[in-house]
Amino acid sequence: MVGVSLRPAVTMAQRKRQLVSDELTEAALQLMAREGFDAVTVDAIAAAAGVSKRTFFRYFASKEDVVVRFLADMGAGMHAELTARPAAEPPSTALRHAVWVAMAACADGAEHSGRALRVVQLILRTPALRARFLEHQAQWRDDLAVETARRRGLDPEVDLYPRLAAGAALVAFDTVLRRWSDSDGAEDPAALTDRAFALLAPALDAG
């Protein structure tokens, strides 16, 4: 009985924490989109969300973390999709699907796409955030290389192909993301992703 009674309390606590995190994130993105990243302070974000500065730091280590936290989920999504692809699938197809998971997370649905576009533009146009983005991509490359090596029966520490393939896939992702951002969302990210991997396919599949 004790175990059953505790479970709803844990669930409610998790839901409350997620709600506060979402409110802080939304407040931060609205302020940054309107005023610019450098002009927005943690105090301003906390005030806009109706919480204290101390509460803010329970959820985020810095204002940069508000913007880039979703990057970890994007990388995890890429890795999970690549792991789930059929073993016999050509590398270019498997990696294209993995990259599209991350792009779709940004561009899926008009309302979500507009919000995600503001985040992407903030990251690409703000040096501090761009640096954090590149740090995340370095980890993504390592994870994708390990999975690519496993799928091909290679050693990621010895064979060149896995890291080259993972790096090429992330260059495609970065290029598509930039084109989508620079067009203010006008260009179709799915078509851009397909075009990018059509160019990469001969090299990826020859490996």
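Below is a short write-up of the structure. Please read all numbers here as calculations on a predicted model, not as lab measurements.

1. What to know about the overall build of the protein
Broken down by element type, the protein carries nine helices and zero strands. When its helices and strands are written in sequence order, the protein yields α-α-α-α-α-α-α-α-α. Residue pairs at least 24 apart in sequence account for 64% of intrachain contacts in the protein once pairs closer than 6 positions are excluded. Accessible surface, the protein: about 11,100 Å² in total, of which carbon and sulfur atoms supply 57%. Charge-centre separation for the protein: the mean point of 25 positive side chains lies 5 Å from the mean point of 27 negative side chains.

2. What to know about the pattern of salt bridges
Using the criterion set out here, one finds 12 salt bridges in the structure. Glutamate 89 serves as the salt-bridge partner of arginine 85, at 2.8 Å between the closest nitrogen and oxygen. A relative accessible area of 19% places arginine 85 in the buried class. Judged by its relative accessible area of 16%, glutamate 89 falls in the buried class.

3. Describing the packing of helix H5 (residues 91–107) against helix H9 (residues 189–206)
The angle between the axes and the distance between the axes are what describe a pair of packed helices. Packing of H5 against H9 brings their axes to within 9 Å, and their N-to-C directions diverge by 155 degrees. In terms of orientation, H5 and H9 fall into the roughly antiparallel class. Note that H5 runs across H9; the crossing there is right-handed. Contacts from Pro91, Ser92, Leu95, Arg96, Val99, Trp100, Met103 and Ala107 of H5 reach H9 at Pro189, Ala190, Thr193, Asp194, Phe197, Ala201, Leu204 and Asp205. Here the contact of H5 with H9 is built from residues that sort into 11 nonpolar, two polar and three charged.

4. A look at the side chain of glutamate 89
Here glutamate 89 shows up in the loop between helix H4 (63–84) and H5. For glutamate 89, the contacting residues outside a window of four places in its chain are Ala94, His97 and Arg151.

5. Details of the packing of aromatic side chains
Counted according to the given criterion, the structure contains five aromatic pairs. When the centroid spacing of 6.4 Å and the interplanar angle of 70 degrees are considered together, the rings of phenylalanine 133 and phenylalanine 173 count as edge-to-face. Of this pair, phenylalanine 133 sits in helix H7 (residues 127–152) while phenylalanine 173 sits in helix H8 (residues 161–182), and the two are 40 residues apart along the sequence. Neither phenylalanine 133 nor phenylalanine 173 differs from the other in exposure class; each is buried. Its guanidinium or amino end placed over the ring of phenylalanine 37, lysine 63 lies 4.4 Å from that ring's centre, counting from NZ or CZ. Arginine 152 extends its terminal NZ or CZ atom over the ring of tyrosine 161, reaching a point 5.0 Å from the ring centre.

6. Points about unusual backbone geometry
Phi at aspartate 184 is positive, roughly 55 degrees, even though this residue is not glycine. Considering the arrangement of structural elements, one finds aspartate 184 in the loop between H8 and H9. According to the relative accessible area criterion, aspartate 184 is exposed, its value standing at 54%.

7. Some thoughts on the packing of H8 against H9
Packing of H8 against H9 brings their axes to within 9 Å, and their N-to-C directions diverge by 155 degrees. As summarised for this structure, H8 and H9 are arranged roughly antiparallel, according to the angle between their axes. Note that H8 runs across H9; the crossing there is right-handed. Across from Tyr161, Ala165, Ala168, Ala169, Ala172, Val176, Arg179 and Trp180 in H8, the residues of H9 making contact are Pro189, Leu192, Thr193, Arg195, Ala196, Phe197, Leu200 and Leu204. In the contact of H8 with H9, the residues fall into 13 nonpolar, one polar and two charged.

8. Overview of the environment of aspartate 22
Secondary-structure assignment places aspartate 22 in helix H1 (residues 2–35). The partly exposed category is assigned to aspartate 22, whose relative accessible area is 39%. Remark: the alpha-carbon pair of aspartate 22 and aspartate 43, spanning 21 residues in sequence, is separated by 17 Å. Within the structure, the side chain of aspartate 22 is placed 2.8 Å from the side chain of glutamine 18, a separation counted as a polar contact.

Here is what the cut-offs are and how they apply
- Residues numbered from 1 in each chain as written.
- Predicted model: local features only at pLDDT ≥ 70, side-chain atom pairs only at ≥ 80, totals over all residues.
- Heavy atoms only, no water.
- Helix = DSSP H or I, 4+ residues; strand = E, 2+ residues; numbered from the N terminus.
- Contact = heavy atoms within 4.5 Å.
- Areas by Shrake-Rupley, 256 points an atom, 1.4 Å probe, with all protein chains shown as cover.
- Lys, Arg positive; Asp, Glu negative; His and termini not counted.
- Charge placed at Lys NZ, Arg CZ, Asp CG, Glu CD.
- Salt bridge = Lys/Arg side-chain N within 4 Å of Asp/Glu carboxyl O.
- Buried < 20%, exposed > 50% of the residue type's maximum accessible area, 1.4 Å probe, protein only.
- Axes fitted to C-alpha atoms, helices over the stretch in contact; angles between N-to-C directions.
- Parallel < 35°, antiparallel > 145°, perpendicular 65-115°, else oblique.
- Left-handed = near helix turned anticlockwise from the far one by under 90°.
- Nonpolar A, V, L, I, M, F, W, Y, C, P; charged D, E, K, R; others polar.
- Phe/Tyr/Trp six-rings, centres within 6.5 Å; stacked < 30°, edge-to-face > 60°.
- Lys NZ or Arg CZ within 6 Å of the ring centre and 35° of its normal.
- Polar contact = N/O pair within 3.5 Å; in protein donor to acceptor, adjacent residues only side chain to side chain.

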